[in-house]
Amino acid sequence: MPHSPPAVPVAITASDGISLKGRRAKMLAEFAPGFVVELGPGLNQVQLAPGRYRVQLWSQYVVWKVGKATLDIDTTRGPVHFHYAAPHTLYSPGAAGFHPVARPGRNLLIGFYAVAFLVPTLVVLIAYLR
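As a starting point, this report considers the structure included with it. (Residues numbered from 1 in each chain as written. Predicted model: local features only at pLDDT ≥ 70, side-chain atom pairs only at ≥ 80, totals over all residues. Heavy atoms only, no water.)

**Section: the overall build of the protein chain**
Scanning the protein chain from terminus to terminus reveals one helix and 10 strands. Going from the N terminus to the C terminus, the protein chain shows its helices and strands as β-β-β-β-β-β-β-β-β-β-α. Each of the 130 residues in the protein chain was classed as buried or not, and the buried ones make up 35%. When contacts within the protein chain are restricted to residue pairs at least 6 apart in sequence, those whose partners lie at least 24 apart make up 51%. (Helix = DSSP H or I, 4+ residues; strand = E, 2+ residues; numbered from the N terminus. Buried < 20%, exposed > 50% of the residue type's maximum accessible area, 1.4 Å probe, protein only. Contact = heavy atoms within 4.5 Å.)

This is the structure:
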């Protein structure tokens, strides 16, 4: 009877997801074709067979994969812990690493809010000055 190697624990610390009209986009990690795990904010645990994996991470917006990040991991040496940070907006990539990573896209989000505030303010100001 063949002996299968013991599973190796893999810990993924995920940021908050992308905010979409009061709810959060699903965050997903694919370790191998067909082996996809849904991630929640905080610590997530997965058991993998020993080996090397290219982990694809993303947030799901309707049918589109947004906030994509990729990380190569090696479980042949024991447990692995890595981090995934979903971006602040749909238009930024995600970030992944073996140390905590910042959520990308903060400046873009601030820019959206600034434009949304400044354009109407300038229109009112120009109309008032005429």
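The discussion continues.
**A look at the nonpolar core**
One finds Val10, Phe31, Leu39, Val55, Ile73 and Phe82 to be the most contacted residues of the largest nonpolar core, which totals 24 residues. Looking at this core, the elements with two or more residues in it are strand E1 (8–14), strand E4 (26–32), strand E5 (35–39), strand E6 (42–48), strand E7 (52–61), strand E8 (64–74) and strand E9 (80–85). Looking at which element gives the most residues to this core, the answer is E8, with four residues. (Core = buried A, V, L, I, M, F, W, Y, C linked by side-chain atoms within 4.5 Å.)

**Considerations on the pairing of E1**
Extensive coverage of E1 is indicated by the burial of five of its seven residues. With seven bridges joining them, E1 and E6 adopt antiparallel strand pairing. Looking at E6, one finds that Pro9 is bridged to Gln47. Where E1 meets E9, five bridges bridge the pair, whose relative direction is parallel. In the sheet register, Ala11 faces E9, and the bridge partner there is His81. (Pairing = 2+ DSSP bridges.)

**Describing the sheet that holds E4**
Pairing is antiparallel in the open sheet, where four strands are placed in the order E5-E4-E7-E8. A single partner strand is all that each edge strand has here, and the edge strands are E5 and E8. Strand-to-strand twist of the sheet, defined as the mean angle between neighbouring strand axes without regard to direction, takes the value 25 degrees. Pairing analysis gives nine bridges linking E7 to E8, with the strands arranged antiparallel. When the bridges of E8 are listed, Ser59 appears paired with Val66. (Axes fitted to C-alpha atoms, helices over the stretch in contact; angles between N-to-C directions.)

**A short note on the sheet that holds E6**
The four strands are arranged E6-E1-E9-E10 in an open sheet whose pairing can be described as mixed. Each edge of the open sheet carries a strand with a single partner, namely E6 and strand E10 (95–97). The average angle at which neighbouring strand axes cross in this sheet is 20 degrees, direction not considered.

**Concerning the packing of aromatic side chains**
Evaluation of the coordinates by the stated rule reveals two aromatic pairs. With centroids separated by 5.8 Å and ring planes inclined at 40 degrees, the aromatic side chains of Phe31 and Phe35 adopt a geometry described as tilted. Classification of Phe31 as buried rests on a relative accessible area of 4%. For the ring pair Tyr61 and Trp64, a centre distance of 5.9 Å and an interplane angle of 25 degrees mean the geometry is stacked. The ring of Trp58 carries Lys65 above its face, with NZ or CZ at 4.2 Å from the centroid. (Phe/Tyr/Trp six-rings, centres within 6.5 Å; stacked < 30°, edge-to-face > 60°. Lys NZ or Arg CZ within 6 Å of the ring centre and 35° of its normal.)

**Overview of the pattern of salt bridges**
In total, this model carries two salt bridges according to the counting rule given. One salt bridge in this structure joins Arg52 and Asp74, with 3.6 Å as the shortest N-O distance. Of this pair, Arg52 sits in strand E7 while Asp74 sits in strand E8; the two residues are 22 residues apart in sequence, bridging distant segments of the chain. The closest approach of N and O atoms between Asp72 and Arg54, which form a salt bridge, is 2.7 Å. Highlighted residues: Asp72 in strand E8 and Arg54 in strand E7, separated in sequence by 18 residues. (Salt bridge = Lys/Arg side-chain N within 4 Å of Asp/Glu carboxyl O.)

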